[in-house]
Amino acid sequence: MIYDLITKLVLYAENAGLIETEDKIYAVNRLLELFELEDYQQSEVDTEQIELEKILSSMLDYAYENGILKDEGIVYRDLFDTKIMGALTPPPSVVTRHFCELYQKDPRLATDYYYKFSQDTDYIRRYRIEKDIKWITKTQYGDIDITINLSKPEKDPKAIAAAKHAKQSGYPKCLLCAENVGYAGRVDHPARQNHRVIPITINHQNWGFQYSPYVYYNEHCIVFNMEHIPMQIDRTAFRKLLDFVKQFPHYFVGSNADLPIVGGSILSHDHFQGGNYEFAMAKAPVERSFTITGFEDVEVGVVNWPMSVLRLRCKDDNRLVELSDRILKKWRGYTDEAASIYAFTKDEPHNTITPIARKRGEFYEMDLALRNNLTTEEHPLGLYHPHSELHHIKKENIGLIEVMGLAILPARLKEEIGVLSEYLLEGKDIRSHELLSKHADWVDEFLPHYQELTKENIGDILKEEIGKVFCQVLEHAGVYKRTPEGQAAFDRFVDEISVQDE
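### Comments concerning unusual backbone geometry
Here is step 1 of the chain: Cis geometry is found at the peptide bond from Y171 to P172, where omega equals -15 degrees.
Here is step 2 of the chain: By secondary structure assignment, the location of P172 is in the loop between α8 (157-165) and β3 (198-202).
Here is step 3 of the chain: We note that E36 has phi near 55 degrees; this positive angle belongs to a residue other than glycine.
Here is step 4 of the chain: Summarising the element assignment, E36 is placed in the loop between α2 (24-34) and α3 (52-65).
Here is step 5 of the chain: Positive phi is not limited to glycine here, since K346 has a value of about 60 degrees.
Here is step 6 of the chain: For K346, the location among the structural elements is in the loop between β11 (344-345) and β12 (348-349).

Next up, the structure:
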């Protein structure tokens, strides 16, 4: 059977363009080495039955049964199947050369090729992404995307224990570093033999362009500094964002904020996230426009969005950099006690920005989401963070992707929704169930709005109510609330932007 699997996988690689016809013997021999085989019997295979997931799964079973793979846990299987695909992945120079050739014709051709390539190598595991649960919730702010993330595998207890006892390594320094390309991985770090990065230049610096292996949305890319340096939102960050959309005008790009709580999961490495997708925030209209003294040529407005977002628009990208920098500097030091906004407590800074850049025709746009990571006794995880009554759905930080209107909800909700549906349909006591008790107050609140619960409508009802909770999550994260008082406070800050610093 292993010979059939090798034949199928090599044929898959040829059909996907990972190898040329001339490479087939070489590819077979690489795989024979991996599976500790000294012989090969080529067989006729059904070309209609070439499914990568099934081929790799059968290969992993064979490797475990024959002592090549020492453990059959998900972490070890992922390490080995990446090693298999690495044997069929072209070297970085070949991938970069082809990308650049296509880019000269059209940037879209280049990204289309690279996105497909990243899936064909199994760096992006299509079969796992398909497991994510996704739906859209209609809100007063537009259609918001909701996802329950199931594509990141849960580590098994054996792998967790092994990682604790493994020798600690500082190479690569983090999951974003360029040194991940071709890296074999270990129990506490994913394998990346099938990973390739496209080198690009933004703001005269060497950066890398790649896709996220978890693709939360279409062509979800990551752009990262080739040096391992911390994230920082400053003037150069705005310049780099706009440099990127100049080179890839069909993509948006944004940055997480650079402070804990309101920032991303990796603050230690300077990076952005982008892609070929239009989020609800990008579609949201400007509800109030302003003129900033000295920037009369730049359109400025408050976006109709649950978080506090200013949109800047101009044909001259340099003017957007100038004004974004002014707004950032104003915001860094801005305090409004009446609105519970404090720039500092003692020497600890609280104000920062989540910026997003895009190009629409001849115009450049920069959305600036104002952020603040102040904590209080009542809200120890953050005053502008999901409050405790929403933690049963979303407790994690609100990063760039959520700011734009895509909920990334924890995998636990899949099981909880299933059990909750059963309890609601059968009239059982939700508070008596260990997993469900945290949802009880929420259920008591929305249940009276529905006349009848059936097997046919229970799923849609729960999805709708989860979407409403996420909308509240974004409102909690907004520094200026969607009330007359909150919006008046927002306008006070906008007025402050025009005031010249002494």
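### A short note on the pattern of salt bridges
Here is step 1 of the chain: Per the counting criterion, the structure on display carries 41 salt bridges.
Here is step 2 of the chain: We note a salt bridge from D122 to R125, for which the minimum N-O separation is 3.6 Å. Judged on exposure class, the residue D122 and its partner R125 are both buried.
Here is step 3 of the chain: With a closest N to O distance of 3.2 Å, R360 and E278 form a salt bridge. Of the two residues, R360 sits in strand β13 (residues 351-360) while E278 sits in the loop between β7 (271-275) and α10 (280-283), which places them 82 residues apart along the sequence.
Here is step 4 of the chain: Its relative accessible area of 29% is what places R360 among the partly exposed residues.

### Description of the side chain of S151
Here is step 1 of the chain: Counting through the fold element by element, S151 comes out in the loop between β2 (142-148) and α8.
Here is step 2 of the chain: A polar contact of 2.9 Å, which involves the side chain of S151, links it to the side chain of N149.
Here is step 3 of the chain: Setting aside anything within four residues of it in sequence, one finds S151 in contact with R128, I129, D132 and Y214.

### Here's the deal with the packing of helix α5 (residues 92-105) against helix α6 (residues 107-120)
Here is step 1 of the chain: At a closest axis distance of 5 Å, the pairing of α5 and α6 adopts a crossing angle of 150 degrees. One way to sum up the angle between α5 and α6 is to call them roughly antiparallel. Contacts between α5 and α6 involve V95, H98, F99, L102, Y103 and K105 on the former and, on the latter, P107, L109, A110, T111, Y113, Y114 and F117.
Here is step 2 of the chain: Classifying every residue of the contact of α5 with α6 gives 10 nonpolar, two polar and one charged.

### Some words on the side chain of D120
Here is step 1 of the chain: For D120, the location among the structural elements is in helix α6.
Here is step 2 of the chain: For D120, a relative accessible area of 5% gives the class buried.
Here is step 3 of the chain: At 2.6 Å, the side chain of D120 forms a polar contact with the side chain of K116.
Here is step 4 of the chain: Non-local contacts of D120, meaning those with residues more than four positions away in its chain, are made with Y12, A16, L18, L52, M85 and R126.

### Topic: the sheet that holds β2
Here is step 1 of the chain: Strand order in this open sheet of three strands is β1-β2-β15, and the pairing throughout is mixed. Bordering the open sheet on either side are β1 (133-139) and β15 (406-409), each of which pairs with just one other strand. Neighbouring strand axes in the sheet, compared pairwise and without regard to direction, differ in orientation by 20 degrees on average.
Here is step 2 of the chain: Two elements, β1 and β2, share seven bridges in a ladder whose sense is antiparallel. Directly across from K138, in β2, lies its bridge partner D143.
Here is step 3 of the chain: Running at roughly 70 degrees to β1, helix α15 (residues 458-477) makes contact with β1, β2 and β15 of the sheet.

### Re the pairing of β7
Here is step 1 of the chain: β7 sits mainly inside the fold: five of its five residues count as buried.
Here is step 2 of the chain: Covered by surrounding structure in β7 are H271, Q273 and G275 together with F272 and G274, the residues of both alternating faces.

### Notes on the packing of aromatic side chains
Here is step 1 of the chain: Counting across every chain of the model gives 33 aromatic pairs.
Here is step 2 of the chain: A centroid spacing of 5.8 Å and a plane angle of 85 degrees characterise the contact between F35 and F80, whose relative ring orientation is edge-to-face. Separated by 45 residues along the polypeptide, F35 in the loop between α2 and α3 and F80 in helix α4 (residues 74-86) bring together distant segments of the chain. Residues F35 and F80 agree in their burial class; the two are buried.
Here is step 3 of the chain: Ring centres of W331 and Y334 lie 6.1 Å apart, and the angle between their planes is 25 degrees; this geometry places the pair in the stacked category. The residues W331 and Y334 share a single accessibility class, namely buried.
Here is step 4 of the chain: Taking the ring centre of Y364 as reference, the NZ or CZ of K359 above it sits at 5.1 Å.
Here is step 5 of the chain: For K428, the ring lying beneath its charged end belongs to Y423, and the centroid distance is 5.0 Å.

### Thoughts on the sheet that holds β7
Here is step 1 of the chain: One open sheet holds the 10 strands; their spatial order is β3-β4-β5-β7-β6-β13-β14-β10-β9-β8, and the pairing between them is antiparallel. In this open sheet, the two strands that pair with only one neighbour each are β3 and β8 (286-290). For this sheet, the mean angle separating the axes of adjacent strands, direction not counted, is 25 degrees.
Here is step 2 of the chain: Sheet strands touched by helix α11 (residues 317-332): β9 (299-303), β10 (309-314), β13 and β14 (363-372). Its angle to β14, the strand with the most contacts, is close to 10 degrees.
Here is step 3 of the chain: Its contacts with the sheet put helix α16 (residues 484-497) on β8, β9, β10 and β14, and the angle it makes with β8 is roughly 35 degrees.

### Some points on the nonpolar core
Here is step 1 of the chain: The biggest cluster of nonpolar side chains holds 101 residues, and the ones touching the most others in it are L9, F35, M59, F209, V223, F244 and Y480.
Here is step 2 of the chain: Element by element, the count of residues in this core is highest for helix α1 (residues 2-15), at nine residues.
Here is step 3 of the chain: Not counting residues up to four positions away in its chain, the partners in contact with F35 are I2, M59, Y62, A63, I68, F80 and I84.
Here is step 4 of the chain: With 51 residues, the next largest nonpolar core counts Y141, I356, L390 and I401 among its residues.

### As for the environment of K481
Here is step 1 of the chain: Note that K481 resides in the loop between α15 and α16.
Here is step 2 of the chain: Relative accessible area serves as the criterion here: at 30%, K481 is assigned to the partly exposed category.
Here is step 3 of the chain: It is 16 Å that separates the C-alpha atoms of K481 and T335, two residues lying 146 residues apart in sequence.

The rules behind the values
Counting starts from 1 at the beginning of each chain's written sequence and moves along it residue by residue. It should be noted that, the model being predicted, local features are given only for residues of pLDDT at least 70 and side-chain atom pairs only at 80 or more, the latter also being counted only at that level, while totals for whole chains, interfaces and linings use all residues. Excluding hydrogens and water, the side-chain values take into account all heavy atoms of the structure. Numbering goes from the N terminus for both helices and strands, where a helix is a DSSP run of H or I of at least four residues and a strand is a run of E of at least two. We define a salt bridge as a side-chain nitrogen of Lys or Arg found within 4 Å of a carboxyl oxygen belonging to Asp or Glu. In this scheme, a residue with accessible area under 20% of its type's maximum is buried, one over 50% is exposed, and one in between is partly exposed, where area comes from a 1.4 Å probe on protein chains only. Each polar contact in these results corresponds to two N or O atoms within 3.5 Å; when the atoms are within protein, one needs to be able to donate a hydrogen and the other to accept it, and residues that are neighboring in sequence are counted only if both atoms are side-chain atoms. The contact criterion used throughout is that any non-hydrogen atoms of two residues lie within 4.5 Å. In this description, a line fitted to the C-alpha atoms serves as the axis of each element, helices being fitted only across the stretch in contact, and the angle between N-to-C directions of two axes falls anywhere from 0 to 180 degrees. Roughly parallel covers angles under 35 degrees, roughly antiparallel covers those over 145, roughly perpendicular covers 65 to 115, and oblique covers all other angles. Residue polarity follows a fixed list, in which Ala, Val, Leu, Ile, Met, Phe, Trp, Tyr, Cys and Pro are nonpolar, Asp, Glu, Lys and Arg are charged, and the others, Gly among them, are polar. Strand pairing is assigned whenever DSSP detects at least two bridges linking the two strands. Only the six-membered ring of Trp is used, alongside the rings of Phe and Tyr, when aromatic pairs are assigned; centres must lie within 6.5 Å, and planes under 30 degrees apart are stacked while those over 60 apart are edge-to-face, with the rest tilted. The rule for a charge over a ring is simple: NZ of Lys or CZ of Arg within 6 Å of the ring centre, and within 35 degrees of the ring normal. To qualify as a nonpolar core, a set must consist of buried Ala, Val, Leu, Ile, Met, Phe, Trp, Tyr and Cys residues joined through side-chain atoms within 4.5 Å.

These results come straight from atomic positions and should not be treated as a statement about function.
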